[in-house]
Amino acid sequence: MSFIINEDLKSQLRTVNLQLKRMYSSAAALDKEKFRHFVAEEIGKFGRLEKMSSKTLKELVGGKAIIGVDGSINQTAGSYPHYLAVLQALAKSTVGDYQVWKTAVHVPLLKAERERLEGLRAGNKDIASIFLDSKVKDTKLAALELAAAFQAAREMKPFLIMFDGPLRRYQTRVPEEWTDFVQYILRENILVVGVIEEVGTYLISGALKESYPYLEGQYDRELLFGQLDPGEYLEIDEEKVQRGDLRICFLRTSSDPQIIGLDMLKGQFSCFEAVSNLIYTLTPQDGRGIPIWLDLVDSEVRITQSMLDLLVDTYLDPELKRKLFAPKREERIY
Amino acid sequence: MQVVGITDQQEVWVASKEVKLQINQILIIEDEDLDNPRGEVVCTQSYNRYIPLSIGQSFVDQTVLESLRQIGYNLEQDEINLAKVRLLTEATYPIKPGCSVRIPTFEEVKDLLIKSPNLDEAMVLGVIRGTEDLTSSLEPEYQGIAPLLNNGEFVSQKGVPFVFDPRAMQQYPHIGIFGGSGSGKSFGLRVFLEEIMKLGLPALMFDPHFEMDFSDPFPGIPEDYRKDFRDRFAIFQVGQEVGVQFEKLGVKELTDLLAASGGGLSESMVNAVETVHERRDSFLSFRNRLEGIREALQMGKSKIERVLKEEALNRQKEEELQQYLEYCNKYGSLPVSTVGGIIWRLDRLNRSGLFNRNIDPVINGLQSGKLVVIQGPIWLLGVFATYVLGHVYRKRREYRDAQLRREAAEYFPPFLIVTDEAHNFAPKGYDSPAKSIIREIAQEGRKYGAFLILATQRPTLLDETVTAQLNTKFVFRTVRGTDIATIKEETDLRPEESRRLPYLRSGDAFVSSAIFGRTLSVRIRAAKTTSPHTDNPFDELKSKRRQKEDEFFELIKDKLPIMEAQALEILKDLQTSGFEFSLDSVEQLLEQLNQLVRQGKLVKENSPFGAVYR
């Protein structure tokens with residue numbers, strides 16, 4: 001480890017700090033009241049969430065299940081294409097000890113995978129393979145998650161299916177399956193929501209860019225950081241921000257000043273209040289703002305790295321493993 | 001349930017999702033190669049991966065858990081119970097990890113828990129903790145014999161009864177009962193004594209607290225559990241029903257008695273008693289001699305001689321003086337103050353009634369197989385114990401020795417000696433009258449069939465020779481560090497167990513016994529009888545005060561309304577009416593009236609002539 005810190009590095013960090021400060025000082029200068037006023041005028045409306053009493057909660061859910069859906073990727077050390085990834089998706093029900101597991105192993109070395117990658121590339125040599133590969137992986141995982149959710153929907157007829165992440169991901173990654181799924185749940189009156197932990201949209205700056213050009217490029221999470229009180233939400237007007245058949249809202253569900261996002265189907269948005277209050281109720285006050293059920297599903301679907309290594313050691317021939325999946329840096333002595 | 005983690009030959013960890021494991025529970029580890037060894041749970045833990053102990057990270061609050069429960073999921077169902085299990089006998093090689101573990105049936109562990117072949121001849125003292133799961137497989141004769149008390153309510157027996165066979169004392173004699181106040185030690189002693197009476201064992205109990213009366217049934221006791229002990233015990237108070245016969249006292253016993261009555265004897269006092277006391281002295285003869293010596297020494301030899309020579313005396317007086325002269329010659333070296341001190345101590349003993357009675361009732365009680373309870377203040381009890389123990393132990397020894405020599409002798413039964421506050425009878429570090437006889441019984445009593453049951457809250461203060469001879473020890477809650485250290489030293493309690501000592505529930509005890517070969521955790525059964533003074537003295541105070549106030553109110557009721565100016569007059573009336581209140585002044589009377597005003601029984605109004613009480 002280098003103990004002498006390069007002077008150049010220090011000065012570069014100083015510069016970065018200055019740049020960031022300049023970029024965000026304009027937003028910071030935006031008075032909270034004023035900002036909220038414009039937001040309310042231009043893009044949506046603020047509202048308050050309510051914690052449900054045990055009784056209301058019970059009545060609302062009516063004994064039906066709530067399904068949490070999440071996925072995980074574990075991969076061996078090594079870089080593309082010399083690695084192996086285990087993709088898992090879990091849909092877990094709050095009642096009846098019910099869960100659906102979907103698993104896939106992703107091996108970029110296999111011929112089929114290479115062909116699929118080339119198909120995606122469509123002759124464009126500028127796109128890096130590693131980028132395409134991560135896309136393939138994510139598509140596969142999205143498919144697994146949706147399949148798990150679909151099976152759970154059919155078998156449990158739940159009250160609500162909660163996805164960890166935006167719904168748009170399924171819409172873009174696996175559009176056909178998504179359409180089938182949406183048709184089914186609308187018919188069966190099953191609510192669907194995507195709980196977005198890391199909001200990656202810039203709807204506000206986009207909508208306000210004419211009045212506030214200096215906000216351009218700022219993400220919603222940056223603009224809304226600390227702007228909502230605990231238990232407050234911002235509903236985005238569907239007229240002003242078009243998002244296909246989805247609608248998004250921003251919520252502050254805990255004492256953490258960072259907001260979370262909520263994706264719902266337009267056709268089910270009339271139930272927004274019930275769903276958002278339910279999520280608020282299931283979120284620990286002092287937590288990071290994610291409903292506990294998703295945290296639970298998340299912890300269950302993840303396998304540890306040591307478990308993956310163990311599985312690989314057990315089921316793969318040692319020489320294959322050594323030849324294909326053992327990176328040199330594992331053998332570094334320092 | 002299965003064995004998890006790294007195992008060794010002594011200990012394994014057991015994990016279970018369904019069954020909650022209890023400390024002291026016995027489990028069977030199904031390792032065929034090792035013949036399914038048995039182990040005891042020594043430490044328990046529970047873990048829920050969804051409710052981590054995290055500092056700085058999110059925390060799952062109660063309302064969220066409750067909400068989850070409402071939508072059908074109980075987080076607590078993901079709990080994993082862990083237990084450290086110590087094998088009862090060391091295995092030849094480590095236990096196989098992953099092998100399953102199960103709760104045994106009673107039959108499979110009976111040999112570990114029950115050591116007395118015949119239930120009718122054994123003491124049923126409580127329930128072995130950690131055996132609750134064996135209740136269903138318990139043989140009928142072991143069921144329903146030891147109900148427990150839970151917050152003052154009787155609850156039925158759950159678990160294997162703790163049964164103590166007094167016959168085992170032949171090999172492993174003497175019992176110690178240790179525990180601080182409120183630990184259930186006295187309660188345990190009571191249960192012990194009830195069982196002694198049930199078996200009809202002759203026993204001698206020294207009761208400095210006046211609490212070992214077995215006439216009153218325990219409040220709320222179920223009818224079928226009730227037992228009448230009234231013909232099984234006899235209570236005697238030292239000086240009232242029992243005492244010592246002065247004529248039979250040896251000089252050693254007498255000095256002990258005198259020492260106990262007044263904070264020890266000085267060297268010169270001991271010397272004086274030894275010189276003055278004669279064999280077969282009665283109290284009166286000894287007392288008169290001492291009195292005479294004092295008179296003589298006070299007068300002085302020369303004065304006595306002068307009076308004898310010069311004054312005309314009647315014959316009686318002359319004889320008296322002659323006697324004095326003799327005393328002067330014989331005891332001239334004794335200081336007057338020493339003789340005075342002895343007289344003072346002797347009178348104190350006499351006033352207690354000690355010399356007016358004998359120990360025949362005690363002997364008779366033991367002969368007829370009763371529990372003899374001897375009560376008295378602790379200073380007197382110590383000396384009386386010395387006397388009576390020496391006496392009955394000698395009687396028993398003479399019988400046994402005569403038997404050995406094949407001679408005829410009067411039968412005297414084997415007996416138990418029970419005492420609370422035993423550290424007063426056989427203290428460590430200094431001498432006390434009863435110490436040598438208790439030591440003697442501790443060391444060779446089993447040869448003659450005399451056994452000790454010693455209870456104390458300060459095991460550290462108990463004579464070590466005696467402590468070392470206690471083969472079975474009941475250890476109740478103990479808080480004092482030095483006592484815990486003593487207990488650790490004197491028992492086979494493991495570190496985990498001694499750590500639990502300060503937190504034991506009242507009535508729970510560890511039994512460390514050579515008979516069982518390991519420490520058992522026991523809950524003492526519900527007593528069938530109750531101590532005569534369980535009333536809280538402060539409740540008593542309150543009710544007495546209330547009574548007096550009511551009385552006072554009745555007396556003044558007719559005199560209402562009372563004007564302040566009338567107070568003196570009323571006071572006089574009250575004093576003649578024989579009211580017990582000490583009302584000496586007008587102020588006190590007014591205070592009493594104000595008290596009634598505060599209670600709302602009277603109303604106080606102000607008028608031009610001072611206050612008026614209505």
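Before reading on, note that the structure itself is shown above.
These figures come from a predicted structure and were not determined experimentally. (Residues numbered from 1 in each chain as written. Chains lettered and ligands numbered in written order. Predicted model: local features only at pLDDT ≥ 70, side-chain atom pairs only at ≥ 80, totals over all residues.)

Chemist: Give a detailed account of the overall build of chain B, specifying residues and quantitative values.
Modeler: Helices and strands together make up the secondary structure of chain B, namely 19 helices and 22 strands. Looking at chain B as a whole, 37% of its 614 residues are labelled buried. A separation threshold of at least 6 residues defines the contact pool for chain B, and within that pool the share at least 24 residues apart is 75%. (Helix = DSSP H or I, 4+ residues; strand = E, 2+ residues; numbered from the N terminus. Buried ≥ 20, exposed ≤ 12 C-beta atoms within 10 Å, placed from the backbone. Contact = placed C-beta atoms within 7 Å.)

Chemist: Tell me about the overall build of chain A, and please be specific about residues and values.
Modeler: For chain A, the helix and strand inventory stands at 13 helices and nine strands. Within chain A, the proportion of its 334 residues that are buried is 34%. Nonlocal contacts in chain A, meaning residues at least 24 apart in sequence, comprise 69% of its contacts between residues at least 6 apart.

Chemist: Mind laying out the interface of chain B and chain A, listing which residues take part and the relevant values?
Modeler: Between chain B and chain A, the contact holds 13 residues from the first and 18 residues from the second. Among the residues forming the side of chain B that touches chain A, the class breakdown is seven nonpolar, four polar and two charged. (Nonpolar A, V, L, I, M, F, W, Y, C, P; charged D, E, K, R; others polar.)

Chemist: Now, about the sheet that holds strand 12 (residues 203–207) of chain B: what can you tell me, with residues and values included?
Modeler: Residue and element names in this part refer to chain B. If you walk across this open sheet you meet the eleven strands as 10-7-19-18-17-11-16-15-12-14-13, and the pairing is mixed. At either end of the open sheet lies a strand with only one pairing partner, and these are strand 10 (161–164) and strand 13 (233–237). The mean inter-strand angle of the sheet, taken between neighbouring strand axes irrespective of direction, is 25 degrees. Where strand 7 (residues 123–128) meets strand 19 (residues 519–524), three bridges bridge the pair, whose relative direction is antiparallel. (Pairing = 2+ DSSP bridges. Axes fitted to C-alpha atoms, helices over the stretch in contact; angles between N-to-C directions.)

Chemist: Can you break down the environment of Y387 of chain B residue by residue, with the values?
Modeler: All names here are of chain B. When you line up the elements, Y387 lands in helix 11 (residues 378–404). A count of 24 C-beta atoms within 10 Å places Y387 in the buried class. Spatially, the C-alpha atom of Y387 lies 8.2 Å from that of A434, the residues being 47 residues apart in sequence. When residues no more than four places from it in sequence are discounted, the contact partners of Y387 are V244 and E253.

Chemist: How would you sum up the packing of helix 4 (residues 251–261) of chain B against helix 9 (residues 336–351) of chain B? Please name residues and give values.
Modeler: All names here are of chain B. The interhelical angle for the contact between helix 4 and helix 9, taken along N-to-C directions, is 85 degrees, at an axis separation of 9 Å. With respect to each other, helix 4 and helix 9 are oriented roughly perpendicular. Contact with helix 4, carried on its side by L257, L258 and S261, involves I342, R345, L346, R348 and L349 of helix 9 and no other residues of that element. Taken together, the residues that form the contact of helix 4 with helix 9 break down as five nonpolar, one polar and two charged. (Parallel < 35°, antiparallel > 145°, perpendicular 65-115°, else oblique.)

Chemist: Let's hear about the nonpolar core: which residues, and what values?
Modeler: Generally speaking, soluble globular proteins have nonpolar side chains that are buried together. Core analysis: the biggest nonpolar cluster contains 120 residues, and A203, L204, M205, V372, I374 and F384 of chain B have the highest contact counts within it. The element that contributes the greatest number of residues to this core is helix 11 of chain B, accounting for ten residues. Setting aside residues up to four positions removed in sequence, M205 of chain B forms contacts with L193, M212, L371, V372, V373, I374, V418 and T419 of chain B. Formed by 77 residues, the second largest nonpolar core is a distinct cluster that contains L144, A152, Y233 and V297 of chain A. (Core = buried A, V, L, I, M, F, W, Y, C linked by C-beta atoms within 7 Å.)

Chemist: Break down the pairing of strand 3 (residues 26–29) of chain B for me, with residues and values.
Modeler: A regular strand places its side chains so that they alternate between the two faces of the sheet. One ladder, built from three bridges, connects strand 3 of chain B with strand 4 (residues 38–48) of chain B; its direction is antiparallel. What sits directly across from I26 of chain B, in strand 4 of chain B, is E40 of chain B.

Chemist: Residue-level account of the packing of helix 5 (residues 129–156) of chain A against helix 7 (residues 175–188) of chain A, with values.
Modeler: Residues and elements named next belong to chain A. Axis separation between helix 5 and helix 7 bottoms out at 11 Å; the angle between their running directions is 20 degrees. In terms of their interaxial angle, helix 5 and helix 7 are classed as roughly parallel. Judged by the twist between their axes, the crossing of helix 5 over helix 7 is left-handed. Contacts from A143, L146, F150 and A153 of helix 5 reach helix 7 at E177, W178, F181, Y184 and I185. Among the residues making up the contact of helix 5 with helix 7, the classes are represented as eight nonpolar, no polar and one charged. (Left-handed = near helix turned anticlockwise from the far one by under 90°.)

Chemist: Could you give an account of unusual backbone geometry, naming the residues involved and the relevant values?
Modeler: What you tend to see is this: most non-glycine residues have negative phi, and most peptide bonds are trans. Cis geometry marks the peptide bond from Y80 of chain A to P81 of chain A, where omega comes out at -5 degrees. Among the secondary structure elements, P81 of chain A is positioned in the loop between strand 2 (66–75) and strand 3 (85–93). In the Ramachandran plot, D97 of chain A falls in the positive-phi region, its phi being about 50 degrees despite a non-glycine side chain. One can find D97 of chain A in the loop between strand 3 and strand 4 (99–106). The residue R406 of chain B is not glycine, and still its phi comes out positive at about 55 degrees. Here R406 of chain B is to be found in the loop between helix 11 and strand 15 (415–419). Judged by the 6 C-beta atoms lying within 10 Å of it, R406 of chain B is exposed.

Chemist: Residues and numbers for helix 11 (residues 292–301) of chain A, please.
Modeler: Within helix 11 of chain A, seven of the ten residues are buried, which leaves the element mostly enclosed by the surrounding structure. All of the buried residues along helix 11 of chain A are I292, W293, L294, D295, L296, V297 and V301 of chain A. Considering only its buried residues, helix 11 of chain A is in contact with strand 2, strand 3, strand 5 (160–164) and strand 6 (191–196) of chain A together with helix 1 (62–70) of chain B.

Chemist: Any details on the sheet that holds strand 5 of chain A? Residues and values, ideally.
Modeler: Residue and element names in this part refer to chain A. Reading across from one edge, 1-7-8-9-6-5-2-3-4 is the order of the nine strands in this open sheet, with mixed pairing throughout. At either margin of the open sheet sits one strand with a lone partner, and together these are strand 1 (44–48) and strand 4. Taken pair by pair, the neighbouring strands of this sheet meet at an average axis angle of 20 degrees, ignoring direction. Direction of pairing for strand 2 relative to strand 3: antiparallel, over a ladder of nine bridges. Opposite V69, over in strand 3, you have A91 as the bridge partner. Where helix 5 meets the sheet, its contacts fall on strand 2, strand 3, strand 4 and strand 5, and the angle it forms with strand 3 comes to roughly 25 degrees. Packed onto the sheet, helix 11 meets strand 2, strand 3, strand 5 and strand 6 and runs at close to 35 degrees relative to strand 2.

Chemist: So what's going on with the pairing of strand 5 of chain A? Residues and values would help.
Modeler: Residue and element names in this part refer to chain A. Of all five residues in strand 5, five are buried; the element is thus mostly enclosed. Because side chains alternate across strand 5, one face comprises the buried residues L160, M162 and D164, and the other comprises I161 and F163, equally buried. Pairing analysis gives five bridges linking strand 5 to strand 6, with the strands arranged parallel. Residue pairing in the sheet places L160 in a bridge with L191 of strand 6.

Chemist: Help me get a handle on the environment of T519 of chain B, residues and values and all.
Modeler: All names here are of chain B. Tracing the chain through its elements places T519 in strand 19. Of the residues examined, T519 has 20 C-beta atoms within 10 Å and is grouped as buried. The spatial distance from the C-alpha of T519 to the C-alpha of E497 is 9.0 Å, given a sequence separation of 22 residues. The contacts of T519, once residues within four sequence positions are left out, are D492, L493, R494, E497, F510, V511 and S512.

Chemist: Outline the environment of V511 of chain B, supporting the account with residue identities and numerical values.
Modeler: All names here are of chain B. Relative to the elements of secondary structure, V511 occurs in strand 18 (residues 508–513). Overall, V511 belongs to the buried group, with 22 C-beta atoms counted inside 10 Å. Along the sequence, V511 and S521 sit ten residues apart, while their C-alpha atoms lie 6.2 Å from each other. Setting aside its immediate chain neighbours within four residues, V511 contacts T472, F474, T519, L520 and V522.

Shape is all these values report; function is a separate question.
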